[in-house]
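Analysis of the macromolecular model
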Amino acid sequence: MMSEGFQVDPLDNELAEAVRALVAGQEHQDEILGVVSRGISSLDATVSSAQSEIAALQGDLDATVAELRNVAHSVRVVDNSISQLREQFTEFTERYAKDQVRAAAEAELARLTLDWQSRFEQRRRTRALAHSLVHTLTRDAVERGVVDVAAVEACAAERLLMEPSYWLAPAVVALAARHRGEAQRARRAVSHAYSLDAAKSNLFFALTCSRLGEFKEAARRMDQYLRSIDSYALDEDFQIVLDAVACRELGDDAHAYAQLAMKRWAGQLDLANGDGGPDPVADHLWELRNRLPADAFPELGQLCATEWDRFRRGWELASVPVAALDYLQRQFPPEPADWSESGTYAEGALGALIDRYDEEEQALDHRMEYLHRVIDHGGDVDAARRSVNADDDARKPTDLRTLLVNAVFAPRSVLLGNEARRLVLRTLWPRVLGAAEECADRARHLLPSELAIGTDEWSSVVPADPSTNVDAEPLVAQLAGAIEERTGRRVDAVRLNRTRLWGAGVLTLMAGVLAFIMAAGVTRVICACLSLGFAGWAAYEWRRVPVRRRELRTEGSGLARRHVRTLRLGLRQREKFFGVWNDHLHGSGRLRAWGTETWREEELT
């Protein structure tokens, strides 16, 4: 009855439906949250498991890294060991190769030594006999009968029979024949020696005769020797012989013959050189000149800027004869000849000539010397070759031109004594004097008669002769007037620019009016600033002209003082510069007088 009589409101139904839906949604949400919670729990378990696995992997990774580090260290150790082993192997290989080269050199040297002894042992005995026969004590022993002449002749004949192609063997026979007094046999032996080697035979007999006191014969032999040698290939023997001849160890005649031969050679060299080739004497004299420092005579250089380089060259050319005279006086002082060591050069030359090898001996000796160097350097072929080449360059023959020039101008590069160098200077003296006078003539040609001096504003001409007095005051007045006139023109060129002045004034007024009528703000400030700027411009234009004119006058005054000072100093330097130049021009005459006096004293010695 109640159900029938109770009516439910539709809104209540909707509300109930909504509540039921809300409750159902809440239950569904709880289900979802439960599923999510279970999923999170499962995920948490999975993450925990993954973390455990990651931790295990991290441990494995750390172990692997440690093992890799150990492996890398082992690899480095092995690599270092391999590098050391490679270096040791390379060193061993090189040392083994050098040992092989050294062993081969020792074997070849032993073989060549046996070959040398079998081929040239007789020559060693011939040289020993020659050393004995040229000694003055041997001659005295033969003359006193201490030594049997027949024994000497037998020994000499044996040498000729054992070495018939060696020039020293018949030379020894000739000496033995002379000791026995057999002139005809001695002449035949000398002819035989000449047929084998004329140059060495002539030199040998010349030096032998000088030792035995036969200076006439020594001079004749020396003249033949000088005629037979090649002036383009002079060895060490010639330098020693030249020392002996210059010291008159072979007599005065040999000294005269040597002078004539060297003059003849020098003349032939001049003809062969031609006119277009370089002149080493002139080049050396130019190097001896008095060099003018770059900062010398600075004021004169400013006044003569356009011609200064030419003047400098002329001044240095004029100094060549003076510098040459100073050099020659230092190198060849007027000291009396000292013959206290007479005979030493001739003895050295004779000993070197007897001991000198022939071409076939030199080839074999050069090879043996190279093998010795290879052994000394432990099988290093390159080092041995460099050492041998250095010695070969030192022993290389030189030409006469180089010898003559170096004997005078580069004494340290030749093996000549003072007397030999003096003999060379006498040979070259005409060329030395001619080159010095040529420099003096060129300097005289460059010497001006008048000197053009000037600056950017002024120029003038003064005498170059230092003996001529030049009054500086008129030139100073001209220079000061020229500078003052130039300064006046520059001052007059500075004028007031009325257009800019009036423009600046008008702009100042306009900007001031705008700043007065404008309302307060940014625009008014800008106009006021512009007015002040234009006013400053007008003031600058008004003051610019007098300031600039005052600056130009001050600059002109300073320029005048500097140029006047330069002019006064330059005129004083003119006297010194051209005075020294003119004095140097007389140096060639003093050089000629020194040469005349030196050779006259030498002829009287």
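All of the points below concern the structure found in this document.

Definitions and cut-offs
Residues numbered from 1 in each chain as written. Predicted model: local features only at pLDDT ≥ 70, side-chain atom pairs only at ≥ 80, totals over all residues. Heavy atoms only, no water. Helix = DSSP H or I, 4+ residues; strand = E, 2+ residues; numbered from the N terminus. Contact = heavy atoms within 4.5 Å. Core = buried A, V, L, I, M, F, W, Y, C linked by side-chain atoms within 4.5 Å. Buried < 20%, exposed > 50% of the residue type's maximum accessible area, 1.4 Å probe, protein only. Pairing = 2+ DSSP bridges. Expected span 1.5 Å × (residues − 1). Arc of directions from axis to C-beta. Phe/Tyr/Trp six-rings, centres within 6.5 Å; stacked < 30°, edge-to-face > 60°.

1. Things to note about the side chain of Arg 289
Secondary-structure assignment places Arg 289 in the loop between α11 (280–287) and α12 (298–303). Not counting residues within four places of it along the chain, the set of residues in contact with Arg 289 comprises Glu 316, Ser 319, Val 320 and Ala 323.

2. Digging into the nonpolar core
Burial of nonpolar side chains together is a common tendency in soluble globular proteins. In terms of nonpolar packing, the biggest core is built from 107 residues, with Phe 204, Leu 328, Phe 577 and Trp 581 touching the most fellow members. Among the elements that make up this core, the one with the highest residue count is helix α19 (residues 418–446) (13 residues). Trp 581 has contacts with Phe 311, Gly 314, Trp 315, Ala 318, Ala 443, Leu 446, Leu 447 and Pro 448, leaving out every residue within four places of it along the chain. Core analysis: the next-biggest nonpolar cluster, separate from the first, contains 13 residues, Trp 116, Phe 120, Val 374 and Val 388 among them.

3. Let's talk about unusual backbone geometry
Of note, Phe 297 is a non-glycine position whose phi angle comes to about 50 degrees, a positive value. Mapped onto the secondary structure, Phe 297 falls in the loop between α11 and α12.

4. So, the pairing of strand β1 (residues 450–454)
As judged from the five bridges shared by β1 and strand β2 (residues 459–463), these two strands associate in the antiparallel manner. Its bridge partner being in β2, Ile 453 is matched across the sheet by Ser 460. Once β1 ends, the chain turns through four residues before running back antiparallel as β2.

5. What about helix α6 (residues 183–196)?
In an α-helix, one full turn covers 3.6 residues, which means residues spaced three or four apart are oriented alike. Between its terminal C-alpha atoms α6 stretches 20 Å, which fits the 20 Å expected from 14 residues at 1.5 Å a residue. Buried within α6 we find Ala 186, Ala 189, Val 190 and Ala 193. Taken down its axis, α6 places every buried residue within 105 degrees of arc, on the same side. Of the exposed residues in α6, the ones pointing more than 90 degrees away from its buried face are Gln 184, Arg 187 and Ser 195. At its buried positions, α6 is contacted by α5 (168–180), α7 (198–211) and α8 (215–228).

6. Examining the packing of aromatic side chains
Counted by the stated rule, this structure contains 17 aromatic pairs. With 5.0 Å between their ring centres and 65 degrees between their planes, Trp 116 and Phe 120 make a pair best called edge-to-face. Of this pair, Trp 116 and Phe 120 are both found in helix α2 (residues 10–133), four residues apart, which corresponds to roughly one turn of the helix. Like Phe 120, Trp 116 is buried. Considering the side-chain rings of Tyr 194 and Phe 205, the 6.3 Å spacing of their centres and the 80 degrees angle between planes classify their relative orientation as edge-to-face.

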